[in-house]
Amino acid sequence: MLLLALSLTYSAYTLLCLSMPKHYRHVTGAAADHRRSRRLFRVGGWLLIALSFASCVQAAGWQFGPVQWVGLLAAAGVLLVFLLPYKPKTAAGLAVVAPLGALLVYWI
Amino acid sequence: MKERLIQSMAWLHTWGGLLPGWLLFVIFFAGTLSCFDKEISQWMRPSTHAVAQNGGGFSFDRSLRLVEEIAPETSSIWLRAPMERDPLPIIGWNNAGQEFDYHYLQADGGTVLQNNTRGGDLFFRLHYRLDIPNDLGVFLVGFAGMCMLVALVTGVIIHRRIFKDFFTFRPKGSKQRAWLDAHNVSSVLPLPFHLVITYTGLVIFFLTYFPAGMHSAFGGDEEKFYKAAEGGFHREAGGRPAPLHALDPLVARAEQEWGDGQKALWVNIEHPGDSNAVVVVWRAQPKDEIAWISDAVYFDGVSGAVLHRLEPAGIGHHIEHFLSGLHFAQFGGQTIRWLYLFMGLSGCLMIASGMGFWIEKRRQRHVLSNAAAGFFLVRGLNAAAITGLIIASAVYLLSNRLLPAGVDHAAWELGLFYFSWIAASLHALARAKSQRLWTEQLWTAAILWGSIPLINLLTTDNSHLLATLPAGQWSLAGVDLMAILFGLSLGAVAWKLRHKKMHELESAGAGVLLAPRERQS
């Protein structure tokens, strides 16, 4: 459950990051901005932030859940930020792979 | 107006952050290690690892007999049961007006542990009082904590692009840029943690820092205040000898009173052997609460009758316990502790990169001018506080494994800790003008931390990773894993700085910091 919450937080941050033109251009290598998908990234990012909060509270309760969530936000954020300049594509891909992998681990 | 505000806040952030910065790094790094203080203490007592823990051997009465052997005349006795994170029982006692004396027992509870170590307690005391025995340490830490709060708030005000640069880290740009980005990222992402941990840290000592309220309401009588806040029961000694009631039946009665399978953790005996003896049975912290919840049953030490039951804390007291509970991180198990460790490391990075940025920003200006002595002093002191402490901490853990069995471990380990810190600081000050200062210190730290699991493997039979991992002894394995994590990260930073230096020297031609001998190489 912790792994799932962490990967959701990571994906949320990645989407919010991609909603910013400079990071979008850096990751995709595109020359132009992404006017249409921007809003989608932003809304999706905030939704996943909410979902990660819900999964922390679900797993650890109202006392420990929010504390855990703050920790995961920091961990996911630092991971993304330090990966981004070196491996931008990997950083973005991880946002898709990580939650799926976590779900798989959770089911097994 | 707005520009002036930002300018004055920037000034406050720079100097209010730099001057207590060395202190703050010590507090943060020691606090980060204190997330695992009990695990470190356990790790540093290898003679107890092979003994079957808690093999039905522990009983409060048995611990009491050990106290009676060592200290037959005493006015107050404390006994602690084994805990999950701290599996060795503790016995302690003091006479009125004397220091509390305590000892750990062997894991089976049968004998007093000889040749003790200060274990993780050193980091804990370094964290909250800089290991200074009187209140001066607590006040210095409080001062640094206030500066930290000021630096956090001013930092948010002067950060013009807090959302735009939320995800921005540019290690390939200029060195100054990279330091500032690293400082911003390690500050902003865990900002809720930094704010809460600093604020709650100050709250824990509110009575020491702001005693005015207590003084006006209770006339300066601290004992009276605590009695009003925490309740409890106290009676004077009767003066006639009387045999003490057996403890274990009283513990069982208290546990029955609490219900829900709650266990006793501490037993306190006031006036043992006296007709007015009192036995207090304290409950272990409930597993589902952040706030520290005290509960105790008071028994007559002779007849075993219930004298008093502790009332639940009032709302103000409960809030205070909640805030300090958030700081102490004794809840939520290993998950919370590793997250705190990680966020604590971010805090260390925030302080270190902030001081690194101060240096980078002034490098050209100060090196070219004549007034560079202060600049190099700051640069040397930065390394003394940051890598010096990291090196000393590794030496402290290593010395536990490498010192021979005959010497006084507690004294030698502490001595080597401070000795290596002083040695690293002297090296830092001597090499303050060298471009290689940081890489030399970082490599030393990386090698020392990285060698901890190896030395552990060579010097112990049951305490190294190859033994603790298969046995699922996570608290012991955690210390070695933490050492590997530290070794790798320190090595990575050392490697990065080495590359940066070459890159930057070529592009900017900024060889001004190099000593002539190094410039040729």
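Owing to the predicted nature of the structure, the values given are computational and were not obtained by experimental measurement.

Novice: Where do I start with the overall build of chain B in this structure?
Specialist: A tally of helices and strands in chain B yields 20 helices and seven strands. Expected size for 521 residues packed as a compact globule is a radius of gyration near 24 Å; at 26 Å, chain B falls within 12% of this value. Taken over the C-alpha atoms alone, chain B extends approximately 85 × 60 × 40 Å along its principal axes. Across the 521 residues that make up chain B, the buried fraction comes to 51%. For chain B, restricting intrachain contacts to residue pairs at least 6 apart in sequence, the fraction spanning at least 24 positions comes to 67%. By element, 63% of the accessible surface of chain B is carried by carbon and sulfur atoms, the whole surface being about 24300 Å². Computed over 43 positive and 43 negative side-chain charges, the inter-centroid distance for chain B is 17 Å.

Novice: Explain the packing of helix α2 (residues 21-34) of chain B against helix α15 (residues 373-402) of chain B here, please?
Specialist: Packed helix pairs are specified by the crossing angle of their axes together with the interaxial distance, meaning the distance between the axes. Residue and element names in this part refer to chain B. Their axes nearest at 10 Å, the elements α2 and α15 cross at an angle of 15°. As far as their axial angle goes, α15 and α2 are roughly parallel. At the point where α2 passes α15, the crossing takes the right-handed sense. In contact with Trp-22, Phe-25, Val-26, Phe-29 and Leu-33 of α2, α15 contributes Val-378, Leu-381, Asn-382, Ala-385, Ile-386, Leu-389, Ile-390 and Ser-393. For the contact of α2 with α15, a count of residues per class yields eleven nonpolar, two polar and no charged.

Novice: I'm lost on the pairing of strand β3 (residues 101-104) of chain B in this one. Help?
Specialist: Every other side chain in a regular strand lies on the same face of the sheet, so the side chains alternate between the two faces. All names here are of chain B. In this structure, strand β2 (residues 90-94) lies alongside β3, joined through four bridges in antiparallel fashion. Bridge pairing links Trp-93 to Asp-101 in β3. Where β2 folds back on β3, the antiparallel hairpin that results is connected by six residues, among which Gly-97 adopts a positive phi of roughly 80°.

Novice: Help me understand the packing of aromatic side chains in this model?
Specialist: Describing an aromatic ring pair means giving the distance of the ring centres and the angle of the ring planes. All names here are of chain B. Summed over the entire model, instances satisfying the criterion amount to 32 aromatic pairs over all chains. Here Phe-123 and Tyr-396 contribute two aromatic rings whose centre-to-centre distance is 5.5 Å and whose plane-to-plane angle is 90°, an arrangement assigned as edge-to-face. You can see Phe-123 sitting in helix α5 (residues 121-129) and its partner Tyr-396 sitting in helix α15, a full 273 residues away along the chain. Given the relative accessible area of 1%, Tyr-396 is considered buried. Three or more aromatic residues link up through ring pairs in this structure, and these residues are Phe-123, Tyr-396, Phe-417, Tyr-418 and Trp-421.

Novice: Where do I start with α2 of chain B in this structure?
Specialist: The α-helix advances 3.6 residues per turn, and as a result positions three or four apart in sequence lie on the same side. Its 14 residues place the ends of α2 of chain B 19 Å apart at the C-alpha level, agreeing with the 20 Å of an ideal helix rising 1.5 Å per residue. Taken across its 14 residues, α2 of chain B has 13 buried, putting it largely inside the fold.

Novice: Hey, could you run me through the nonpolar core in this one?
Specialist: The nonpolar side chains of a soluble globular protein tend to be buried, and buried together. Core analysis: the biggest nonpolar cluster contains 78 residues, and Phe-25, Phe-29, Tyr-340, Phe-417 and Trp-449 of chain B have the highest contact counts within it. Take this core: its biggest share by element is 14 residues, from α15 of chain B. In this structure, Phe-25 of chain B is in contact with Cys-348, Ile-351, Ala-352, Ala-385, Ile-386, Leu-389 and Ile-390 of chain B, ignoring residues within four places of it in sequence. Counting residues in hydrophobic clusters, the runner-up holds 36 residues, among them Leu-16, Cys-17, Leu-18 and Leu-73 of chain A.

Novice: Please clarify how the interface of chain A and chain B should be interpreted in this entry.
Specialist: The figure often quoted for interface size is the accessible area lost as the parts come together. Residue-level contacts link 24 residues of chain A with 32 residues of chain B. Between chain A and chain B, roughly 2300 Å² of surface is buried when both sides are summed, and carbon and sulfur atoms account for 77% of that area. Taken together, the links from chain A to chain B amount to one salt bridge. Across the salt bridge formed by Asp-165 of chain B and Lys-22 of chain A, the nearest N and O atoms sit 2.9 Å from each other. In this assembly, chain A and chain B are joined by five residue pairs in polar contact (both at pLDDT 80 or more). For the side of chain A that touches chain B, the elements supplying multiple residues, two or more each, are α1 (2-18), α2 (21-28) and α3 (35-83) of chain A. It is α3 of chain A that contributes the most residues to the side of chain A that touches chain B, 14 residues altogether.

Novice: For this particular structure, what's the right way to read the environment of Asn-134 of chain B?
Specialist: Residue and element names in this part refer to chain B. Relative to the assigned elements, Asn-134 resides in the loop between α5 and α6 (135-158). What makes Asn-134 partly exposed here is its relative accessible area of 46%. Sequence-wise, Asn-134 and Ala-352 are 218 residues apart; in three dimensions their C-alpha atoms are separated by 28 Å. There is a polar contact of 3.0 Å between the side chain of Asn-134 and the backbone nitrogen of Leu-136.

Novice: I tried to follow the pattern of salt bridges on my own but got confused; where do I start?
Specialist: Pairing is possible between side chains of opposite charge, provided their charged atoms come close. If you walk through the whole model with that rule in mind, you get 19 salt bridges over all chains. A salt bridge links Glu-3 of chain B to Arg-160 of chain B; its shortest N-O distance comes to 3.6 Å. Of the two residues, Glu-3 of chain B is situated in helix α1 (residues 2-18) and Arg-160 of chain B in the loop between α6 and α7 (175-188); the sequence distance between them amounts to 157 residues. Linked through salt bridges whose partners overlap, the residues forming this network are Lys-22 of chain A together with Arg-161, Asp-165, Arg-170, Arg-177 and Asp-181 of chain B.

Novice: Can you walk me through the sheet that holds β2 of chain B in this structure?
Specialist: The strands making up a sheet associate through backbone hydrogen bonding, with each pair oriented either parallel or antiparallel. Residue and element names in this part refer to chain B. What the seven strands build is an open sheet, ordered β3-β2-β1-β4-β5-β6-β7; its pairing is antiparallel. A strand with exactly one partner marks an edge of an open sheet, and here the two such strands are β3 and β7 (306-309). Taken pair by pair, the neighbouring strands of this sheet meet at an average axis angle of 15°, ignoring direction. Taken together, the five bridges between strand β5 (residues 278-283) and strand β6 (residues 296-300) define a ladder with antiparallel strand orientation. Paired with Val-278 across the two strands is Asp-300, which belongs to β6. Here helix α12 (residues 247-258) sits on the sheet and contacts β1 (76-80), β4 (264-270), β5, β6 and β7; the angle it forms with β5, its principal contact strand, is near 45°.

Cut-offs used in this document
Residues numbered from 1 in each chain as written. Chains lettered and ligands numbered in written order. Predicted model: local features only at pLDDT ≥ 70, side-chain atom pairs only at ≥ 80, totals over all residues. Heavy atoms only, no water. Helix = DSSP H or I, 4+ residues; strand = E, 2+ residues; numbered from the N terminus. Rg over C-alpha atoms; globule rule 2.2 N^0.38 Å. Buried < 20%, exposed > 50% of the residue type's maximum accessible area, 1.4 Å probe, protein only. Contact = heavy atoms within 4.5 Å. Areas by Shrake-Rupley, 256 points an atom, 1.4 Å probe, with all protein chains shown as cover. Lys, Arg positive; Asp, Glu negative; His and termini not counted. Charge placed at Lys NZ, Arg CZ, Asp CG, Glu CD. Axes fitted to C-alpha atoms, helices over the stretch in contact; angles between N-to-C directions. Parallel < 35°, antiparallel > 145°, perpendicular 65-115°, else oblique. Left-handed = near helix turned anticlockwise from the far one by under 90°. Nonpolar A, V, L, I, M, F, W, Y, C, P; charged D, E, K, R; others polar. Pairing = 2+ DSSP bridges. Phe/Tyr/Trp six-rings, centres within 6.5 Å; stacked < 30°, edge-to-face > 60°. Expected span 1.5 Å × (residues − 1). Core = buried A, V, L, I, M, F, W, Y, C linked by side-chain atoms within 4.5 Å. Buried area = accessible area lost by both parts, 1.4 Å probe. Salt bridge = Lys/Arg side-chain N within 4 Å of Asp/Glu carboxyl O. Polar contact = N/O pair within 3.5 Å; in protein donor to acceptor, adjacent residues only side chain to side chain.

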